[in-house]
Structures are given as C-alpha cells and as structure tokens.
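# Chain and residue survey
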Amino acid sequence: MSYDLRDDLFASLADKRFTAELRVTTPGVICGVENAAAKAEDLGCEVLSMAADSDEVTPAQPVLVIRAPAKQIAIAEDTLPGAIGKFSAIARAARLAQATAGDRLQVVSGAAKKMPVEIKPQVHRAIHVGGGSSRITPPPFVYIDKNYVRMFGGVRNAINAAAALAGHTRCIQLRGLVEPLVAEAQAAIELGVEILMIDTGELADLDLVAELVRKAGKRAQTRIAFAGEIQIADIPEIANHDVDILDVGLAVIDAPSVAVKFDVVLDSTQYQEPNPPAEKQAK
C-alpha cells in the first residue's frame, strides 16, 4: 500500500470526528448531491442531511452535511464538490433553456454524447433534472446521422436501411453534405420520416424544410428539429419559426461549474443527536 501522509498528519486527531457542510454559492437547481452522498458513505462518512437532486437551493442552506474522522473529511473535500458543481451547472442551463423555450418547444442536448464515457450517465441525469432531455424522442428510435448518410451514399439509402427496425421512430440529420438540402428533405418527407433534424444552424434552412413539409401535407405527423451551435439567448428568435425541437448542446453541456464550498463546522451542536429520553437512559 502507498504511504498517505494524512495518516501521520491527523494522528493526534484519531479519536475525534468532525462535521462538514457543502453549500453552493449561488441559488438554483442542484444535481449530483445523491452521488456525492454515496461517495461520502463509501469513504466511511456519516451523512447527516442532504438535499435531493432537482431541489431549488440557496447558499443559506447546506446541500450535504457529513460527519467523519479527520482523514475522511480531508478526502471528502477533494472528491465531493466535484460530484455536484459541474452537474448542477448542466441542470441549471437545461432548466433555463427549457424555460426560455416555453411549453411549445422541447429542448434536447445531444452534445452529451461528446462527454467522456465515465461521466456520461451523470451528464444525462443532470440534463433531465433540469427539465431537458438528452434524447430527441423516447425509445425505441433510430437516429440516422450525417455519417450514416455518407456511408450509405445518400438520405434515401440510409432511410431504407432503417426499414428493418420496425416500430422505431426515425430521425434523420439533414445537413446537405451528400446531396442538396432540398433533395435530402424531400426524400425524407416522401419516405415518411417522423423527425427531421435540420442541423445547419441556419434559420433559412429551417424555414425551407418546414415549408416543404407543409406543402407535402405532412406537418401533423412530422416533427421538425433544429440544431447548430444554438445559444440560450437565440431561443426566443428561433421560437418564432415553425419548429418543435431545439438541440441546445454545448450551451448546456459547457455551462461553467457551480461553485461548491466545503467547510468544517466549528459549532456542530445543531447536528448532534438529542439526548435520549430519561426512561431510555434508565434502561
């Protein structure tokens, strides 16, 4: 086993236990507390109180309170804030994006797939805690992306290949890379694809495809999605167009981490268990 200098550093505190609080420095939705609490318990810490993921919290209230020996407190300070700060930021950005979009539009964050696989489950959870979605539609579905279109040599071939997946909602990414955007959209509309993702970031392209869908008489059964480096500030303008789904990717995933303070409580009497009743003491 490797040497840990904390064993020597905290030797004189071996018989003591300390209480520590984690607080955010700005108000808003919280995410990652449940994971942080699980990590704390794995370290041998006692969890005295905790907020729930999706709670709205303020700096005035601790989101997690733990009690442990000095070494475990020191390790917890190195590990627990990281389980909360980034994922709370993602949840807050997702909530703001969806609130800005209103009830008519659905906000998704497909950029979650670009995050390291080790944290991808927490990223997905944070997006959902914020009220967004990491998936463009509930499963089962098949997302026919631009590289599928390239490999099949065009939209029509890629869509026909998905015909074997009976019962799956089909979504196709339209970028006009293999064929002109109009040709791609027309093929997808003709073959009855349920979700058309215009992933160019150009509102003129969104309007063009939406018009093609309406002219084909298929607007009722076709959902129109739009993506392309959308910022949250862009949402009100985009909402004026004929669209159902907005993929707000990096603006959500890259939200700056929420600052999390980890402090040992000097007066932890508020977290001490009350004295047992007299009759229990007598026993």
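Notes on the structure in this doc start here.

Here is what the cut-offs are and how they apply
Residues numbered from 1 in each chain as written. Predicted model: local features only at pLDDT ≥ 70, side-chain atom pairs only at ≥ 80, totals over all residues. Heavy atoms only, no water. Axes fitted to C-alpha atoms, helices over the stretch in contact; angles between N-to-C directions. Helix = DSSP H or I, 4+ residues; strand = E, 2+ residues; numbered from the N terminus. Left-handed = near helix turned anticlockwise from the far one by under 90°. Contact = heavy atoms within 4.5 Å. Salt bridge = Lys/Arg side-chain N within 4 Å of Asp/Glu carboxyl O. Buried < 20%, exposed > 50% of the residue type's maximum accessible area, 1.4 Å probe, protein only. Polar contact = N/O pair within 3.5 Å; in protein donor to acceptor, adjacent residues only side chain to side chain. Core = buried A, V, L, I, M, F, W, Y, C linked by side-chain atoms within 4.5 Å. 1 Å grid on protein atoms, 1.4 Å probe; cavity = no way out; pocket = protein on both sides within 12 Å on 5 of 7 lines; lining within 4 Å. Points joined across faces, edges and corners; volume = space filled by probe spheres on them. Nonpolar A, V, L, I, M, F, W, Y, C, P; charged D, E, K, R; others polar. Pairing = 2+ DSSP bridges.

### Quick word on the packing of helix 8 (residues 181-190) against helix 9 (residues 203-215)
Helix 9 packs onto helix 8 with a crossing angle of 35 degrees between their chain directions and a minimal axis gap of 10 Å. Relative to helix 9, the crossing made by helix 8 is right-handed. Contact with helix 8, carried on its side by Leu181, Val182, Ala185, Gln186 and Ile189, involves Asp205, Leu208, Val209, Leu212 and Val213 of helix 9 and no other residues of that element.

### Description of the pattern of salt bridges
Two side chains carrying opposite charge are able to pair once their charged atoms lie near each other. Tallied over the full model, the rule gives 16 salt bridges. For the salt bridge of Asp53 with Arg125, the shortest nitrogen-to-oxygen distance reads 3.1 Å. Of this pair, Asp53 sits in the loop between strand 3 (46-50) and strand 4 (56-57) while Arg125 sits in helix 5 (residues 120-129); the two residues are 72 residues apart in sequence, bridging distant segments of the chain. Residue classification places Asp53 among the buried positions, given a relative accessible area of 7%. Arg125 gets classed as partly exposed once you look at its relative accessible area, which sits at 38%. With a closest N to O distance of 2.7 Å, Arg95 and Glu56 form a salt bridge. In this pair, Arg95 sits in helix 4 (residues 85-101) while Glu56 sits in strand 4, placing the two residues 39 residues apart along the sequence.

### Re the side chain of His241
For His241, the location among the structural elements is in the loop between helix 10 (235-238) and strand 11 (245-247). There is a polar contact of 2.7 Å between the side chain of His241 and the side chain of Asp207. Setting aside its immediate chain neighbours within four residues, His241 contacts Arg104, Leu203, Leu206 and Asp207.

### Considering the nonpolar core
One recurring pattern in soluble globular proteins is that nonpolar side chains are buried together. Among the nonpolar cores identified, the biggest contains 78 residues, and Ile66 and Ile172 are the most heavily contacted of them. With eight residues, helix 4 is the single largest residue contributor to this core. Not counting chain neighbours up to four residues away, the residues in contact with Ile172 comprise Ile144, Val149, Val155, Ile159, Ala188, Val193, Ile195, Leu196 and Met197. Core analysis: the second largest hydrophobic core is formed by eight residues, Ile136, Cys171, Met197 and Ala227 among them.

### Regarding the layout of surface pockets
For the largest pocket, the calculated volume is near 860 Å³. Lining of the largest pocket is provided by 31 residues; of these, Gly110, Ala111, Lys113, Lys114 and Asp247 occupy positions nearest its centre. The set of elements that each furnish at least two residues to the lining of the largest pocket consists of strand 7 (141-144), helix 6 (146-152) and helix 11 (250-253). When the residues that make up the lining of the largest pocket are grouped by side-chain class, the tally is twelve nonpolar, ten polar and nine charged.

### Overview of the sheet that holds strand 6 (residues 106-108)
The six strands lie next to each other as 6-11-10-9-8-7, forming an open sheet whose pairing is parallel. The open sheet has two free edges, formed respectively by strand 6 and strand 7, since each of these has just one partner strand. Across the sheet, the mean angle from the axis of one strand to that of its neighbour is 20 degrees, orientation sign disregarded. Alignment of strand 10 (residues 223-227) against strand 11, held across three bridges, turns out to be parallel. Each bridged residue has a counterpart across the sheet, and for Phe226 the counterpart in strand 11 is Leu246.

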